[in-house]
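# A closer look at the structure
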Amino acid sequence: LREKTPVRYDEDRQSWDVFRYEDVHRILKDPATFSSRRGLEVRGETLLTMDQPKHTHMRNLVNKAFTPKAINDLAPRITSITNELLDQVASRGKMDIVYDLATPLPVIVIAELLGVPAKDRMLFKDWSDTMVKGVEDNTDTALAHMMAERDKAEAELVQYFLKILEERRKKPEDDLVSALLDAEIDGDKLQEQDILRFCILLLVAGNETTTNLITNATRLMTEQPAIQDQVRQQPELVKSMVEETLRYYPPIVAIGRVATQDVEIGGQLIREGQQVVSWVGAANRDPDKFDDPETFHTDRKPNAHMGFGFGIHFCLGAPLARLEAQIALEILLTRFTDIEFEKTSLTPIPSPFVFGVKSYPVT
Ligand code: HEM
């Protein structure tokens, strides 16, 4: 597709598809022409669906609470959570990477970051799972059922966060909610609704993606055991191995935008108001950008993949996702010698924008 129809219109989905690195890069770099207000904002506007200047203002405010230092300080906790999770499976001799490690780790970390007490963790996990749940069959009944479930989970989560907000307003703690309540630019504070929506966005944007990053990296190490051998011999390569996973098996393969004016891309005229899907998964393997793109190079340098997007909406949680994946993989490799896939059929996550599997048993 990238070679033959690098920019094409899909009649069924009524949307443009863009596959080349250069074109995807150009789209993500130009938020004035390619807006993030692509229809999702009807469920409540978030950072992800805002355009400038509102986006800049909101992003600056949340950046204050989501600093690299705040994230790096989490390393010891991420290490102990990973060890606790692996302790539970150590005697079994086998585990499901998705179920036993890659799903609970990001949920627990984000819950702690937000200041959710340990006793409410399972409740919190159920809500956040429901909020990102897809549907297997695309019938109207299945879709309606899923939307109803999501709305219910979101409403319960909002009630729950309202309680936490009230508590933190009275007595601030060392957590993200307290920092968000405190964040201020030019005397301007975040509104309660903004904080609520932002907390929910973190769950929706951060949990399943990180799960898939950890799983996809493990999957690569079992599909291509040479990668596993190399990282075992040179543990310092874990960082670049995570980056190469984000290029080769990116958890998010496509990013949506809508054109704000008529614009030409790759010789095609995109009309104002039309949807545009940037296929990051294809761009990440574009031979015009990457040498030997179909080969996984554990220590690929440079590696300007767009697994976390690009431009003003570049993933806010990238430092956290990277840290969690690095720590999880380091510990996994140290504690388990020779990780092998326990061959079963793989079930993909039912979303065209996501690359991941529902379960990945290893021995
Ligand atoms: C934005 C991917 C983890 C929070 C994005 C975007 C991508 C992405 C591609 C850009 C979307 C766009 O341009 O429309 C990923 C991947 C992750 C990950 C692959 C894991 C491997 C996280 C985590 C968090 C997070 C852990 C937070 C806890 C966000 C937020 C945005 C975002 C808030 C919106 C930023 C903005 O619009 O300014 N992510 N993400 N993500 N991500 Fe992530």
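Residues numbered from 1 in each chain as written. Predicted model: local features only at pLDDT ≥ 70, side-chain atom pairs only at ≥ 80, totals over all residues. Heavy atoms only, no water.

### Looking at the overall build of the chain
Selection rule: The helix count covers DSSP runs of H or I at least four residues long, the strand count covers runs of E at least two residues long, and both are numbered beginning at the N terminus. With C-alpha atoms as the basis for the radius of gyration, the globule rule is written as 2.2 Å multiplied by the number of residues raised to the power 0.38. Here's how the labels work: a residue is buried when its accessible area is under 20% of the maximum for its type, exposed when over 50%, partly exposed in between, all with a 1.4 Å probe on protein chains only. Note that accessible areas follow from Shrake-Rupley with a 1.4 Å probe, and for residues the cover is restricted to the protein chains shown. The charge count treats Lys and Arg as positive and Asp and Glu as negative. His and the chain ends do not count. A charged residue contributes its charge at one atom only: NZ of Lys, CZ of Arg, CG of Asp or CD of Glu.
Helices and strands together make up the secondary structure of the chain, namely 14 helices and 11 strands. Relative to the 2.2 N^0.38 estimate, which gives 21 Å for 363 residues, the radius of gyration of the chain is 21 Å and therefore close to what a compact globule would have. Projected onto its principal axes, the C-alpha positions of the chain cover 60 × 55 × 45 Å. In the chain, which comprises 363 residues, the proportion classed as buried is 51%. Put simply, the chain shows about 17,600 Å² of open surface, and 52% of that area lies on carbon and sulfur atoms. Charge separation in the chain, taken as the distance between the mean sites of 44 positive and 58 negative side-chain charges, equals 2 Å.

### Comments concerning the site of the ligand
Operational definition: Proximity is defined per residue: if any heavy atom of the residue lies within 4 Å of a molecule or strand, that residue is considered near it. Distance and chemistry together define a polar contact, namely a pair of N or O atoms within 3.5 Å, with one atom able to donate a hydrogen and the other to accept it when in protein, and with adjacent residues in sequence counting only for side-chain atoms on both sides. Asp, Glu, Lys and Arg are counted as charged, while Ala, Val, Leu, Ile, Met, Phe, Trp, Tyr, Cys and Pro are counted as nonpolar; the rest, among them Gly, fall into the polar class.
The environment of the ligand is made up of 28 residues, and the closest members are His55, Arg59, Arg257, His313 and Cys315. Between the ligand and Arg257, the relevant distance is 2.7 Å, taken from an oxygen atom to a side-chain nitrogen or oxygen of the residue. Separating an oxygen atom of the ligand from a side-chain N or O atom of His313 is a distance of 2.6 Å. Per element, the largest residue contribution to the shell around the ligand is seven residues, and it comes from helix H10 (residues 192-223). Partitioning the shell around the ligand into residue classes produces 17 nonpolar, eight polar and three charged.

### Quick notes on the packing of helix H6 (residues 104-114) against helix H7 (residues 121-132)
When two helices pack together, their arrangement is given by the angle between the helix axes and by the axis-to-axis distance. As a reminder of what qualifies: Each axis is a line fitted through C-alpha atoms, and for a helix only the stretch in contact is used; angles between axes span 0 to 180 degrees, taken between their N-to-C directions. Working definition: roughly parallel below 35 degrees, roughly antiparallel above 145 degrees, roughly perpendicular at 65 to 115 degrees, and oblique for all remaining angles. When the near helix sits turned anticlockwise from the far one by under a right angle, the crossing is termed left-handed; a clockwise turn instead gives a right-handed crossing. Here, residues are in contact when the closest pair of their heavy atoms is within 4.5 Å.
At their nearest, the axes of H6 and H7 sit 10 Å apart, and the two run at 115° to each other. Of the possible angle classes, the one that applies to H6 and H7 is roughly perpendicular. Classified by chirality, the crossing of H7 by H6 is right-handed. Mapping the contact onto sequence places Val107, Ile108, Ile110, Ala111, Glu112 and Leu114 in H6 and Arg121, Phe124, Lys125 and Ser128 in H7. Considered class by class, the residues forming the contact of H6 with H7 number six nonpolar, one polar and three charged.

### Re the coordination of the iron atom of the ligand
Worth spelling out the cut-off: Water is not among the atoms examined, so metal sites may look incomplete; donors are the N, O and S atoms within 2.8 Å of the metal, or within 3.2 Å for Na, K and Ca.
A lone protein donor contacts the iron atom of the ligand, and this donor is Cys315 (SG), found at 2.3 Å. In this structure, Cys315 sits in the loop between helix H13 (280-283) and helix H14 (318-335).

### Observations concerning the side chain of Asp96
Applied cut-off: Counted as salt bridges are all cases of a side-chain nitrogen of Lys or Arg within 4 Å of a carboxyl oxygen of Asp or Glu.
Tracing the backbone shows Asp96 in strand E4 (residues 95-96). Buried charge without a partner: Asp96 forms no salt bridge, and the closest opposite charge is Arg92, 8.2 Å away. Of note is the side chain of Asp96, whose polar atom sits 2.7 Å from the side chain of Ser359. For Asp96, the contacting residues outside a window of four places in its chain are Leu101, Ser359, Tyr360 and Pro361.

### Re the layout of surface pockets
If you roll a probe as big as a water molecule over the atoms, it shows you where there is empty space left. The line we're drawing: Grid points spaced at 1 Å and placed over the protein atoms alone form the basis of the search, with a cavity being a set where a 1.4 Å probe fits but cannot get out and a pocket an open set showing protein on both sides within 12 Å along at least five of seven lines. Lining residues have an atom within 4 Å of a point. Grid points are joined across faces, edges and corners, and a volume is the space filled by probe spheres set on the points.
The volume enclosed by the second largest pocket comes to roughly 290 Å³. As for the second largest pocket, its lining consists of 14 residues, of which Leu74, Leu113, Asp174, Asp175 and Leu176 are closest to the centre. Secondary-structure elements contributing two or more residues to the lining of the second largest pocket are helix H4 (75-90), H6 and helix H9 (176-182). Within the lining of the second largest pocket, the residues separate by chemical class into nine nonpolar, no polar and five charged.

### Quick look at the sheet that holds strand E3 (residues 34-35)
Our working definition: Note on pairing: DSSP must find at least two bridges between two strands before they are called paired.
Taken together, the five strands give an open sheet; going across it, the order is E1-E2-E10-E7-E3, and neighbouring strands pair in mixed fashion. The strands lining the two open edges of the sheet, one partner per strand, are strand E1 (7-10) and E3. Sheet analysis places strand E7 (residues 254-259) next to strand E10 (residues 275-279), joined by five bridges and oriented antiparallel. Note on E10: the bridge partner recorded for Ala254 is Trp279. Across the sheet, helix H1 (residues 21-29) is in contact with E1, strand E2 (15-18), E3, E7 and E10; its angle to E10 comes to roughly 125°.

### Re the nonpolar core
Rule in force here: Buried Ala, Val, Leu, Ile, Met, Phe, Trp, Tyr and Cys residues form a nonpolar core when they are joined through side-chain atoms within 4.5 Å.
Core analysis: the biggest nonpolar cluster contains 85 residues, and Met95, Leu114, Phe124, Leu180, Phe198 and Leu332 have the highest contact counts within it. Considering each element in turn, this core owes the most residues, 13 residues, to H10. Core analysis: the next-biggest nonpolar cluster, separate from the first, contains 18 residues, Val7, Tyr21, Val24 and Ile265 among them.

### So, the environment of Ala254
Turning to its location among the elements, Ala254 is positioned in strand E7. Between the C-alpha atoms of Ala254 and Ile97, which are 157 residues apart in sequence, the distance is 24 Å. Residues within four places of Ala254 in sequence aside, it is in contact with Val277, Ser278, Trp279, Val280 and Phe353.

### Points about the packing of H10 against helix H11 (residues 225-233)
Axis separation between H10 and H11 bottoms out at 4 Å; the angle between their running directions is 105°. With respect to each other, H10 and H11 are oriented roughly perpendicular. Between H10, through Leu220, Met221, Thr222 and Glu223, and H11, the contact on the second element is made entirely by Pro225, Ile227 and Gln228. Here the contact of H10 with H11 is composed, by residue class, of four nonpolar, two polar and one charged.

### A few points about the packing of aromatic side chains
For the record, the criterion: Any Phe, Tyr or Trp ring, taking Trp's six-membered ring, that has another such ring centre within 6.5 Å forms a pair; planes under 30 degrees apart are called stacked, those over 60 apart edge-to-face, and the others tilted.
Taken as a whole and judged by the stated rule, the model has 12 aromatic pairs. Taken together, a centroid distance of 6.5 Å and an interplanar angle of 20° make the contact between Phe19 and Trp279 stacked. Taken together, the positions of Phe19 in the loop between E2 and H1 and Trp279 in strand E10 put the pair 260 residues apart, joining distant regions of the chain. In this structure Phe19 comes out as buried when scored by relative accessible area, which is 5%.

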